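# Chains, contacts and geometry: an overview
Single-letter residue listing:
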Amino acid sequence: MSQGRGSASIFMVMATLIPLMCLLFLVEPSNAATYTVGGPGGWSFNTKSWPNGKTFKAGDVLVFNYDSSTHNVVAVDKIGYNSCKTPRGARVLRSGNDQIKISRGANYFICNFPGHCESGMKIAINAA
């Protein structure tokens, strides 16, 4: 029985589709949540309690919306959070619409404009 051209193209399609289908089963679906820090009011004063009652997971995304002429976002360690001091070499975000993927464990963020962190413009999040 002779095989036509159609058989070769079906073989090529199947040889491509089977590995792709296997990859789909191996890839873990992303269940990351996106949170707007501070809710509708955005990243502002007195957001320190905003995380209360929320459950965060590693990979979740925090969206910081704020007026970039008067605020910023700095990821700090626990010492920086407690002292409201920006560690040397810390990355200061200034876009007004920053998105940060959180990691497992403690995550700390402050605004380092003078007096802002001390006025409650900081959050501590523990991600599972």
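Everything that follows concerns the structure shown earlier in this document.
Definitions and limits used
- Residues numbered from 1 in each chain as written.
- Predicted model: local features only at pLDDT ≥ 70, side-chain atom pairs only at ≥ 80, totals over all residues.
- Heavy atoms only, no water.
- Pairing = 2+ DSSP bridges.
- Helix = DSSP H or I, 4+ residues; strand = E, 2+ residues; numbered from the N terminus.
- Phe/Tyr/Trp six-rings, centres within 6.5 Å; stacked < 30°, edge-to-face > 60°.
- Buried < 20%, exposed > 50% of the residue type's maximum accessible area, 1.4 Å probe, protein only.
- Lys NZ or Arg CZ within 6 Å of the ring centre and 35° of its normal.

## Some remarks on the sheet that holds strand S7 (residues 122-127)
Strands pair in a sheet through their backbones, by hydrogen bonds, and they do so in one of two ways: parallel or antiparallel. Taken in spatial order, the four strands make up an open sheet running S4-S3-S6-S7, and their pairing is antiparallel. Sheet topology places strand S4 (92-93) and S7 at the edges, where each strand pairs with a single neighbour. Here six bridges tie strand S6 (residues 105-110) to S7, and the two strands are oriented antiparallel to one another. Its bridge partner lying in S7, Tyr-108 is registered against Ala-124.

## Quick look at the packing of aromatic side chains
Centre-to-centre distance and the angle between the planes together describe a pair of aromatic rings. The final tally for this structure, using the stated rule, is six aromatic pairs. Judged by centre distance (5.2 Å) and plane angle (40°), the rings of Tyr-81 and Tyr-108 are tilted. Taken together, the residues Tyr-81 in helix H2 (residues 78-83) and Tyr-108 in strand S6 connect sequence positions 27 residues apart. Grouping residues by exposure puts Tyr-81 and Tyr-108 together as buried. Ring pairing ties together the aromatic residues Tyr-35, Trp-50 and Phe-56, which thus form one cluster. The residue whose ring lies beneath Lys-122 is Tyr-81, and the NZ or CZ to ring-centre distance is 4.4 Å.

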